[in-house]
Each structure stands twice: as C-alpha cells, then as structure tokens.
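Letter by letter, the chains look like this.
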Amino acid sequence: MSVAFSSIFNTLTPFNRSNFVLACSGSNPDRRRRILIFGSSLALASNFLSSNQQRFPMESAIALEQLKEKEDELEEEEDRNVNLFQKTSPSVVYIQDIELPKTSSDDFSDEENIKIEGTGSGFVWDKLGHIVTNYHVIAKLATDQFGLQRCKVSLVDATGTRFSKEGKIVGLDPDNDLAVLKIETEGRELKPVVLGTSKDLRVGQSCFAIGNPYGYENTLTIGVVSGLGREIPSPNGKSIREAIQTDADINSGNSGGPLLDSYGHTIGVNTATFTRKGSGMSSGVNFAIPIDTVVRTVPYLIVYGTAYRDRF
C-alpha cells in the first residue's frame, strides 16, 4: 500500500509557488487573454449602465417634448376650427318652408297655426339681402298654386342680432339645384360669405360644412374632399356635373349651406347625401355644387330670374 501511494505522489508535479504566481499574473497567454476580456467586459458593462442612466432621462425628456408639441398642434387646429366657425357662421341662414292656414292673415306670426313642412340652409350672397340656397329647399314655394306657401329666413346681422324675414324668390335654376331669395334688410348690415374657387381643389384637403341639420341651427361638421368631378341628379332629373364629394356630414337641413375650405372661403353649396338604408342618416358620401358653377349662375338669377341658358 505504501509503495503504491508513493508511486502516485511521485507522478504529481511538486507544488511551486513561483509557478502559481506566474500563472495568475498572465505568464500563460490564454489565461491572460481571458482575464483581460473579463476585465474589459466589466468595464463595458459599467460604461453601459452609466450611459443608460444618462440616456433614459434624456429620452424621457424628448418624449415629453414631442407629446407637448403634438398637444400644441391639436390646440392650434382646434383654435383654427373655432375661429373659422365664428368668422363664417354669421353668413349662414336658417330656412323654414311654411304652409299657412287658409284663414291666414298672409304672414307667419301666428306660430300655433302655421305648418313647418321642411327646413334647410342658405348663405348671404351680398349686403342687399340676396340669399343663395338649393332649389329643392324652396321647391314648394316655387310651385305653390294656392298662395299658402311661405319661406321664413332666420339669420344674424353684423352686430350679432338675430332676426327673421320672409324670403321672396328672385331666381330659380332647377338644373343646378340653385335658387336665390331676397329679404328686406331694413337698414341692417349683413355679412356675405367670402367666395373661393373649386377649380384648384385637391382630394384630401380639409373642408367644413355649416348648416341646420334636423333644425339644429349653426351646426359645424368637418371632413375632407373625398372626390372631384362627380355627377349627381338634379331635382328635375338632369345631371349636375363637377360636384364635390365630401365625408363631412350633410344631413337633412344642411342643404343649401356653404361648404368651406380651411380659410373660410366658400367652395360649394351642400346639396345631397347618400343615406343609410332605413335610417335617413348620412352614409359619409355627400355632395356639394361647386362654387364656380354658383358664381356663373347666381348673377343671372338675380338680374333675370333664370340661368343664362334659359333666357331665350
């Protein structure tokens, strides 16, 4: 047994302190590289943690700044919408289609007995009291055979005072679903719309509709120009060309009101919508008569009572 153990021990390398120290200090190249890599890793980890401590607060500050910029943009957009409505809504009128009782005194002061058959919208064309609307809004008045139909126009003057007057038909253009009414201003100053153009419109640009849907006066809806050059039917079965398509809601009572661009310029006359089956609500496919057509037509309606093509 002693001989066996002696043989084993004799085969082991004697312990040498100098060899141990040299190995630990890197006299062995492989081990030295491992130690250097380990030390470098610790240094990198330390630097990473240190840099993250500095970067994370900076990234948070950037995120907060971006959020604040977005909130500021939303506030600016809201302010623009509010200002646009405040600037343009005094030019929009509320139209009520009224049938008087047969025993009427020829006015609509007796509100208990009059029958409101429909409502619509329109806008002030000039300071003389001319109002532009859709033909179909006042079609009953235009075709009245018994003298019982009236048109009540409600609006505000330049001072913000609301008043109502009877609207008299000046001119009609069923082909383009346009009509011009005239009210007596009695010295009141009116605020006409600012006319724009429809020839430079682009799909995707913002637009705004102001009107009186379902009798709710001065309602603003917002959308975009969804399409251009559309063809829609007119009240007499003909076609209105170059109509503007928009997803800004146009419901019953919006007809005849202005479609505006972002500057508050009138670019069209709201006229029609495709409704959801059985609901009567807008489907988001709505149309307006282009203002360029209106500008060509209305002066003839004011002067001659008919469109230029109908004069002869």
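Thresholds applied
Residues numbered from 1 in each chain as written. Predicted model: local features only at pLDDT ≥ 70, side-chain atom pairs only at ≥ 80, totals over all residues. Heavy atoms only, no water. Helix = DSSP H or I, 4+ residues; strand = E, 2+ residues; numbered from the N terminus. Expected span 1.5 Å × (residues − 1). Bend = angle between axes of the 7 residues up to and from the residue. Buried < 20%, exposed > 50% of the residue type's maximum accessible area, 1.4 Å probe, protein only. Patch = residues over 30% accessible without salt bridge, like charges linked within 9 Å, V, L, I, M, F, W, Y side chains within 5 Å. Areas by Shrake-Rupley, 256 points an atom, 1.4 Å probe, with all protein chains shown as cover. Salt bridge = Lys/Arg side-chain N within 4 Å of Asp/Glu carboxyl O. Lys, Arg positive; Asp, Glu negative; His and termini not counted. Charge placed at Lys NZ, Arg CZ, Asp CG, Glu CD. Core = buried A, V, L, I, M, F, W, Y, C linked by side-chain atoms within 4.5 Å. Contact = heavy atoms within 4.5 Å. UniProt positions renumbered as here; feature names shortened; annotations may be inferred. Pairing = 2+ DSSP bridges. Axes fitted to C-alpha atoms, helices over the stretch in contact; angles between N-to-C directions. Phe/Tyr/Trp six-rings, centres within 6.5 Å; stacked < 30°, edge-to-face > 60°. Lys NZ or Arg CZ within 6 Å of the ring centre and 35° of its normal.

Q: Could you clarify how one ought to interpret helix H5 (residues 291-304) in this entry?
A: For the α-helix, the turn length of 3.6 residues means that residues three or four positions removed from each other point alike. Under the 1.5 Å per step criterion, the end-to-end length of H5 is 20 Å for 14 residues, consistent within 8% with the ideal 20 Å. The largest bend in H5 is about 30°, located at threonine 297, with the proline proline 299 one to four residues further on. The complete set of buried residues in H5 reads Ile291, Thr293, Val294, Thr297, Val298 and Leu301.

Q: What exactly am I supposed to notice about a negative patch on the surface here?
A: Taken together, the side chains of Glu65, Glu69, Glu71, Glu73, Glu75, Glu76, Glu77, Glu78 and Asp79 make up a negatively charged region of the molecular surface. For glutamate 73, the position within the fold is in helix H3 (residues 29-88). We classify glutamate 73 as exposed; its relative accessible area is 52%.

Q: What am I meant to see in the nonpolar core here?
A: As a rule of thumb, soluble globular proteins bury nonpolar side chains together. Judged by nonpolar contacts, the single largest core of 16 residues is most densely connected at Phe123, Trp125, Val132, Val269, Ile289, Val294 and Val298. When residues of this core are traced back to their parent elements, those giving at least two are strand E7 (178-182), strand E11 (239-246), strand E14 (282-290) and H5. If one sorts the elements of this core by residue count, H5 sits on top with 4 residues. Ignoring sequence-local partners within four residues, the contact set of isoleucine 289 consists of Asn134, Asn176, Asp177, Leu178, Ile240, Ile267, Gly268, Val269, Thr271 and Val294.

Q: How should the UniProt feature "coiled-coil region" (unreviewed entry) in the protein be read in this particular structure?
A: Cross-referencing UniProt, the feature "coiled-coil region" (unreviewed entry) maps to residues 60-87 in the present numbering. The span residues 60-87 is 100% helix and 0% strand, and its two end C-alpha atoms sit 40 Å from each other.

Q: Looking at this structure, I do not really get the sheet that holds strand E5 (residues 162-166). What am I missing?
A: The strands that make up a sheet are held in pairs by hydrogen bonds between backbone atoms, and each pair lies either parallel or antiparallel. Reading across the sheet, the 7 strands line up as E5-E4-E1-E2-E3-E7-E6 and stay open at both edges, with antiparallel pairing between neighbours. Taken across any chain shown, the strands that pair with only one partner, and hence form the sheet edges, are E5 and strand E6 (168-173). Taking each pair of neighbouring strands and ignoring which way they run, the sheet shows an average axis angle of 30°. Taken together, the 2 bridges between strand E2 (residues 115-124) and strand E3 (residues 130-133) define a ladder with antiparallel strand orientation. Bridge pairing in E3 places phenylalanine 123 opposite valine 132.

Q: Which parts of the structure should I look at to understand the pairing of E11?
A: In summary, the side chains of a regular strand alternate between the two faces of the sheet. Bridging between strand E10 (residues 219-233) and E11 involves 5 bridges; their strand directions are antiparallel. Bridge assignment links glycine 227 to a residue of E11, and that residue is glutamine 245. Linkage of E10 to E11, two consecutive antiparallel strands, is achieved through a turn of 5 residues, within which glycine 237 is found at a positive phi near 90°.

Q: Please clarify how the packing of aromatic side chains should be interpreted in this entry.
A: The geometry of two aromatic rings is summed up by the distance between their centres and the angle between their planes. On inspection of all chains with the given rule, the structure shows 1 aromatic pair. The ring of phenylalanine 163 carries arginine 188 above its face, with NZ or CZ at 4.2 Å from the centroid.

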